[in-house]
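# A structural walkthrough
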Amino acid sequence: MNFFLALRNTDLRVNKGMHVNPSFIYAVFLWPYFLQLDEIESQGIDEAFKKTIESQNKYIAIPDFFNQQFLQYGHYKVVF
């Protein structure tokens, strides 16, 4: 995963005055954990994202609003 590419693109958007969704930043950093769970779990994308969020809530505070946003990003299967 290329965190720097995602963050650079986010910087470019900010510098151009474009909208940046904070959910995207969360998703970028949680993506490796999701992929790891998605490979282990056979219960589907939604369940892998749910478990990713649950496991990371021990370490970081993620507002509930963003949890639904993560599910949307997961359905796109973005490759960084």
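The notes below deal with the structure included here. Here the residue numbering is sequential within each chain, running from 1 through the sequence in written order. Predicted model: local features are reported for residues with pLDDT of at least 70 only, side-chain atom pairs are reported and counted for 80 or more only, and whole-chain, interface and lining totals are derived from all residues. Just so you know, side-chain values use all the structure's heavy atoms and leave hydrogens and water out.

Runs of H or I in DSSP of at least four residues are treated as helices and runs of E of at least two as strands, each being numbered from the N terminus. A count of helices and strands for the protein chain gives 4 helices and 0 strands. Shown N-terminal to C-terminal, the secondary structure of the protein chain runs as helices and strands in the order α-α-α-α. Exposure categories follow from relative accessible area, calculated using a 1.4 Å probe and restricted to protein chains: below 20% of the type maximum is buried, above 50% is exposed, and the middle band is partly exposed. Counting across all 80 residues of the protein chain, residues that qualify as buried make up 26%. Should any heavy atoms of two residues lie within 4.5 Å, those residues are counted as being in contact. If you take every contact in the protein chain between residues at least 6 apart in sequence, the share linking residues at least 24 apart comes to 56%. Accessibility throughout is a Shrake-Rupley quantity obtained with a 1.4 Å probe, and a residue counts as covered only by protein chains that appear here. With the model as given, the accessible surface of the protein chain reaches about 5500 Å², and the carbon-plus-sulfur share is 57%.

To continue, consider helix H2 (residues 22-40). For H2, built from 19 residues, the straight-helix expectation of 27 Å at 1.5 Å per residue is met to within 8% by its first-to-last C-alpha distance of 28 Å. The axis of H2 is deflected most strongly, by about 50°, at Leu 30, and proline Pro 32 appears within four residues downstream. Buried within H2 we find Ser 23, Ala 27, Val 28, Leu 30, Trp 31 and Phe 34. Each residue after the first adds 1.5 Å to the expected span of a helix. Bend at a residue means the angle formed by two fitted axes: the first through the 7 residues ending at that position, the second through the 7 residues beginning there.

Right, let's get into the side chain of Thr 10. With respect to the element layout, Thr 10 can be found in helix H1 (residues 3-15). Residues contacting Thr 10, with those up to four places away along its chain left out, are Val 20, Phe 24 and Ile 25.

A word on the environment of Ser 55. Along the polypeptide, Ser 55 turns up in helix H3 (residues 45-56). For the pair Ser 55 and Tyr 33, spaced 22 residues apart in sequence, the C-alpha separation works out to 9.1 Å. Only 2.9 Å separates the side chain of Ser 55 from the backbone oxygen of Thr 52, close enough to count as a polar contact. The definition of a polar contact used here is a pair of N or O atoms within 3.5 Å, where within protein one atom must be able to donate a hydrogen and the other to accept one, and adjacent residues in sequence count solely through side-chain atom pairs.

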